[in-house]
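In case you want the letters, here they are:
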Protein chains: 2
Amino acid sequence: MPRLSRDDCERLDSTDALGAFRNRFELPGGIVYLDGNSLGALPAGTRRRLDDLLREQWGNDLIRSWNRHDWIGMPRRIGAKIARLIGADDDEVIVADSTSINLFKLLAAALRLRPKRKVIVSERGNFPTDLYIIQGLISLLDQGHELRLVDADELPSALDAEVAALLLTQVDYRCGRLHDLTAMTRQARTNGILTLWDLSHSAGAMPIELNAAGADMAVGCGYKYLNGGPGAPAYLFIARRHQGDVQPAIAGWMGHAAPFEFAPDYRPAPGIERHLAGTPPVLGLAALEVGVDLLLDADLHLVREKSRRLGDLCLRLVEQECAAFGVERACPRDSALRGSQVAFRHPQGYAITQALIAKGVIGDFRAPDILRFGFAPLYLRYVDVWDAVAALHRVMRNKAWDRPEFKHKASVT
Amino acid sequence: MPRLSRDDCERLDSTDALGAFRNRFELPGGIVYLDGNSLGALPAGTRRRLDDLLREQWGNDLIRSWNRHDWIGMPRRIGAKIARLIGADDDEVIVADSTSINLFKLLAAALRLRPKRKVIVSERGNFPTDLYIIQGLISLLDQGHELRLVDADELPSALDAEVAALLLTQVDYRCGRLHDLTAMTRQARTNGILTLWDLSHSAGAMPIELNAAGADMAVGCGYKYLNGGPGAPAYLFIARRHQGDVQPAIAGWMGHAAPFEFAPDYRPAPGIERHLAGTPPVLGLAALEVGVDLLLDADLHLVREKSRRLGDLCLRLVEQECAAFGVERACPRDSALRGSQVAFRHPQGYAITQALIAKGVIGDFRAPDILRFGFAPLYLRYVDVWDAVAALHRVMRNKAWDRPEFKHKASVT
């Protein structure tokens, strides 16, 4: 393969159909941000929206804003917008709580829909909160449920008639491997197993077709590719065919059929709203809506195409520039099998990540030895990838990672 | 009693030790806001704080802000501040999720601490979400638990040896009646019953001494007297003596002893942090912190004293100005038995509330016939109460409520 130059990358940017989206974010100068898969960047409209929310709505209209500015409708309205990103219908998605809480709600619901089956299947390498929530619920219920953890290649044989629910994250948070959501969902359904997909690491970076695949339930987070801000509210999806059958485990007043009747007995709202619990977090919802609106202006097929190209470029450049330094690919080479991130393995992964951050290239580290680079196609350029790999090359060549301050682990990376 | 005039109220304001706090809020002109018990007003510092959070922290420092600006420490830091408002120690309170979710977590914890007892006692008139959460948990667990609902005066006789937990809201959301938290907690403890207090309608409006009373658990909301903004994050309290014994029902990654080790097995954090679940909602937390900081500058004994006076003034003025119109007191007359709100009953309560709002006096209505006026002593003046009652007088005298547009119920009031 011919060597790539920075000019080649500039040429790719000049014809990028998504190039104009970069101006719709407030990005700091001198930084290459490869962590949009962990915290998405700040959309240009968010500050204005929040200032209006604070000044006009909360400050001036006060309690009246629940009606006047439809605060009360935000979970449903923004849910309907997210539905368009994940192949669901308007009334199948609602914004509420955090991903962890929503996993709890939906897993509890799934187990009640399959009362005779006692096994929950997930992947050994799933994101920890997904596994912890399963463990916590099993312990709480004390009804003899069991978590069956397998590796990805063992999944097909694990899906037997004892299994109530299959809980998978579509894109592996470490290695970036992408599950075939459609095939896996179909196999689960064939065996009467409910699927619960965690879309946190995929939604917004690729088209997702939950209903076309026949998926039962899903959750996802608002602060990664949806650019909703740190700790943004999360969302949940329940296919319409299940909605009437599921009694919420967490029966809060916002999920009541008529919350403002203040009746003493819980009566669930007819549809997806019954999975609301407390008062909607309006500040977080407003910021999330700006991020989601921005994404709705983009063609997700173009987003996916660019995401694959950015990843391919990164792999090729690391091979070209850093092969001599023991930086080993730890993600699928084939972009069709990969989410919007790549991963490399190196014994000094943590220190290398810190040395890169010191040079303005922000990726992250995942224990024990994974360097992770995410690509948010709406604001990342091909030259950014070139610059990042050039920085990695310098860090490796000069052993710039070999300094005590890069080896001390902070609480969050 | 001599008739009170507006001048008398102005004199009370001129010597009000808390008078200067009003300038620390952004309040709309021409409005008397008697709904701070539902949504607190906007503190003057909140817009600046949020703009800095968006621009400098999220926008510029991006993912690094989790360490650099201690986002990761916010639940604990703000929890420790709220602890000072409710008579708890620093490490006994954490900010997380919503009141409803926190009720679920703590009630589940309480039931696990009392495995042989199957009864949960609460009040018939408790805030609905408290009751719904109990009902939902009982149904989820399917372990033969029972909700015993009684009226306030029947509580003492309901607290027998079958009872695992007593869940009460300190101030009744409708009539404003204030429970004796200390006496009720003591009686419950004598019978081996765990207390779970909902402080949503009291914290920030009066001193609360959870530890002095021997309370076991508590929750509360951030958007009423704490002025944290619409749908602000809530908090939870667990007395230190229980913290090591409680396995969280919702076992999320932020409650793990070492979340960034990404270990596959859940191991709870040693203390109160184990009750965190998902990623902290940073925008909401930042706004909440501004409100809490403001309140920490005030002497809660002075706040309580003014709150009682505002309520007494309102009752006296309504009696003086509106006795002829069938507006009936529906709250305790004795301010020692009342939270920071008063209530009146009238068959046209809803329409009267709407007519008052049209005149710029914002209170609220609670079914079936309750007009509710709340007093947030940090920004409410005695003349505001005078003006509100004068408006009520005009509405009643002119039957201004008798218009079709005031009788149509909106979704939220």
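Reading the values: rules and limits
Residues numbered from 1 in each chain as written. Chains lettered and ligands numbered in written order. Predicted model: local features only at pLDDT ≥ 70, side-chain atom pairs only at ≥ 80, totals over all residues. Helix = DSSP H or I, 4+ residues; strand = E, 2+ residues; numbered from the N terminus. Rg over C-alpha atoms; globule rule 2.2 N^0.38 Å. Buried ≥ 20, exposed ≤ 12 C-beta atoms within 10 Å, placed from the backbone. Domains from an automatic or database assignment. Contact = placed C-beta atoms within 7 Å. Nonpolar A, V, L, I, M, F, W, Y, C, P; charged D, E, K, R; others polar. Least-squares fit on C-alpha atoms with pLDDT ≥ 70 in both. Pairing = 2+ DSSP bridges. Axes fitted to C-alpha atoms, helices over the stretch in contact; angles between N-to-C directions. pLDDT = per-residue confidence, 0-100. Core = buried A, V, L, I, M, F, W, Y, C linked by C-beta atoms within 7 Å. Left-handed = near helix turned anticlockwise from the far one by under 90°. Parallel < 35°, antiparallel > 145°, perpendicular 65-115°, else oblique.

Undergrad: How should the overall build of chain A be read in this particular structure?
TA: Summing up its helical and strand segments, chain A has 15 helices and 15 strands in all. Taking 2.2 N^0.38 as the reference for a compact globule, 413 residues should give roughly 22 Å; the C-alpha atoms of chain A span a radius of gyration of 22 Å, in line with that estimate. Overall, chain A is about 70 × 55 × 40 Å in size when its C-alpha atoms are taken along their principal axes. Buried residues in chain A amount to 58% of all 413 residues.

Undergrad: Teacher, can you tell me more about the domain arrangement of chain A here?
TA: Reports often express the size of an interface as the amount of accessible area lost when the parts come together. Residues and elements named next belong to chain A. Splitting chain A by domain gives domain 1 (6-44 + 299-407) and domain 2 (70-296). Using C-alpha coordinates to define each centre, domain 1 is positioned 29 Å away from domain 2. On the domain 2 side, the residues contacting the 27 residues of domain 1 number 21 residues. Those elements that place two or more of their residues in the side of domain 1 that touches domain 2 are α12 (300-322), β12 (341-345) and β15 (370-374). The biggest single contributor to the side of domain 1 that touches domain 2 is α12, with five residues. Of the residues contributing to the side of domain 1 that touches domain 2, the split by class is 13 nonpolar, nine polar and five charged.

Undergrad: It is not clear to me how the relation of the copies chain B and chain A should be interpreted in this structure. Could you clarify?
TA: A rotation about some axis, followed by a shift along it, carries one copy of the chain onto the other. Overlaying chain B on chain A yields an RMSD of 0.0 Å, the required transformation being a rotation through 180° with an accompanying axial translation of 0.0 Å. Seen this way, the second copy is the image of the first under a two-fold rotation axis. Every residue of chain B has its C-alpha some distance from the rotation axis, and the shortest such distance is that of B:Leu141, at 2.8 Å. Most of the interface of chain B is mirrored in chain A: 99% of its interface residues are interface residues there too.

Undergrad: Quick question: what am I supposed to make of the pairing of strand β15 (residues 370-374) of chain B here?
TA: Moving residue by residue along a regular strand, the side chains alternate between the two faces of the sheet. Residues and elements named next belong to chain B. The buried fraction of β15 is high, at five of five residues. With five bridges joining them, strand β12 (residues 341-345) and β15 adopt antiparallel strand pairing. Bridge pairing in β15 places Gln341 opposite Gly374. Of the strand pairs in this sheet, strand β14 (residues 364-366) and β15 are connected by three bridges, and their pairing is antiparallel. The residue bridging Asp364 from the neighbouring strand is Arg372, located in β15.

Undergrad: I'm lost on the interface of chain B and chain A in this one. Help?
TA: The partner chain A presents 75 residues to the 76 residues of chain B that form the contact. If you list the elements that add at least two residues to the side of chain B that touches chain A, you get α2 (46-61), α3 (65-68), α5 (99-113), α6 (128-141), α11 (282-296) and β14 of chain B. Here the side of chain B that touches chain A is built from residues that sort into 44 nonpolar, 22 polar and ten charged.

Undergrad: I keep staring at the environment of B:Asp387 and nothing clicks. Help me out?
TA: With respect to the helices and strands, B:Asp387 occurs in helix α14 (residues 382-397). Between the alpha carbons of B:Asp387 and B:Ala183 there is a distance of 38 Å; along the sequence they are 204 residues apart.

Undergrad: What's the story with the sheet that holds β15(B) in this structure? I'm lost.
TA: Hydrogen bonds between backbone groups are what pair the strands of a sheet, and the pairing can be parallel or antiparallel. All names here are of chain B. Strand order in the open sheet formed by four strands is β11-β12-β15-β14, with antiparallel pairing between adjacent strands. For this open sheet the edge positions go to β11 (328-329) and β14, each flanked by a neighbour on one side alone. Strands in contact with helix α12 (residues 300-322) are β11, β12 and β15; relative to β12, the strand with the most contacts, it is inclined by about 25°.

Undergrad: Any chance you could explain the sheet that holds strand β5 (residues 119-123) of chain B here in plain terms?
TA: Residue and element names in this part refer to chain B. The strand order across the open sheet formed by seven strands is β4-β10-β9-β8-β7-β5-β6, and the pairing between neighbours is mixed. The open sheet is flanked by β4 (93-95) and β6 (146-150), the only strands paired with a single partner. Geometrically, the sheet is characterised by an average inter-axis angle of 20° between neighbouring strands, direction not taken into account. In terms of strand pairing, strand β8 (residues 194-198) meets strand β9 (residues 217-220) through three bridges, oriented parallel. Bridge pairing links Trp197 to Ala218 in β9. Contacting β5, β6, β7 (163-169) and β8, α6 runs over the sheet at an angle of about 165° to β5.

Undergrad: Would you take a moment to explain the confidence of the model for chain A for this structure?
TA: Parts of the model with low pLDDT should not have their predicted coordinates read in detail. Per-residue pLDDT for chain A averages 96, and the proportion of residues at 70 or more is 99%. Here the predicted complex scores 0.97 on pTM and 0.97 on ipTM.

Undergrad: How should I be thinking about the nonpolar core in this particular structure?
TA: The nonpolar side chains of a soluble globular protein tend to be buried with one another. Counting 288 residues, the largest nonpolar core has A:Leu107, A:Ala165 and B:Leu107 as the members making the most contacts within it. Not counting chain neighbours up to four residues away, the residues in contact with A:Leu107 comprise A:Ile133, A:Ile134, A:Leu137, A:Ala165, A:Leu167 and A:Leu196.

Undergrad: Would you mind going over the packing of α2(B) against α11(B) with me for this structure?
TA: A pair of packed helices is characterised by two quantities: the angle between their axes and the separation of those axes. Residue and element names in this part refer to chain B. Relative orientation of the contacting elements α2 and α11 amounts to 150°, with a least axis distance of 9 Å. You can see that α2 and α11 cross each other, and the crossing is right-handed. When α2 is examined against α11, the residues Thr46, Arg49, Leu50 and Leu53 are found in contact with a partner set consisting of Leu283, Ala286, Ala287 and Val290. The residue inventory of the contact of α2 with α11, partitioned by class, reads six nonpolar, one polar and one charged.

Undergrad: Honestly, the pairing of strand β9 (residues 217-220) of chain A in this entry has me stumped. Any pointers?
TA: All names here are of chain A. Alternating positions in β9 separate into two faces, Met217 and Val219 on one and Ala218 and Gly220 on the other, with burial throughout. Both β9 and strand β10 (residues 235-238) contribute to a ladder of four bridges, which runs antiparallel. Bridged to Gly220 within β10 is Tyr235.

Undergrad: Would you explain the packing of α5(B) against α6(B) in this entry?
TA: Residues and elements named next belong to chain B. α6 packs onto α5 with a crossing angle of 45° between their chain directions and a minimal axis gap of 9 Å. If you check the angle between α5 and α6, you find them oblique. In the crossing of α5 with α6, the sense of the turn from one axis to the other is right-handed. When α5 is examined against α6, the residues Thr99, Ser100, Leu103, Phe104, Leu107 and Ala108 are found in contact with a partner set consisting of Thr129, Asp130, Ile133, Ile134 and Leu137. Per-class residue counts for the contact of α5 with α6 are seven nonpolar, three polar and one charged.

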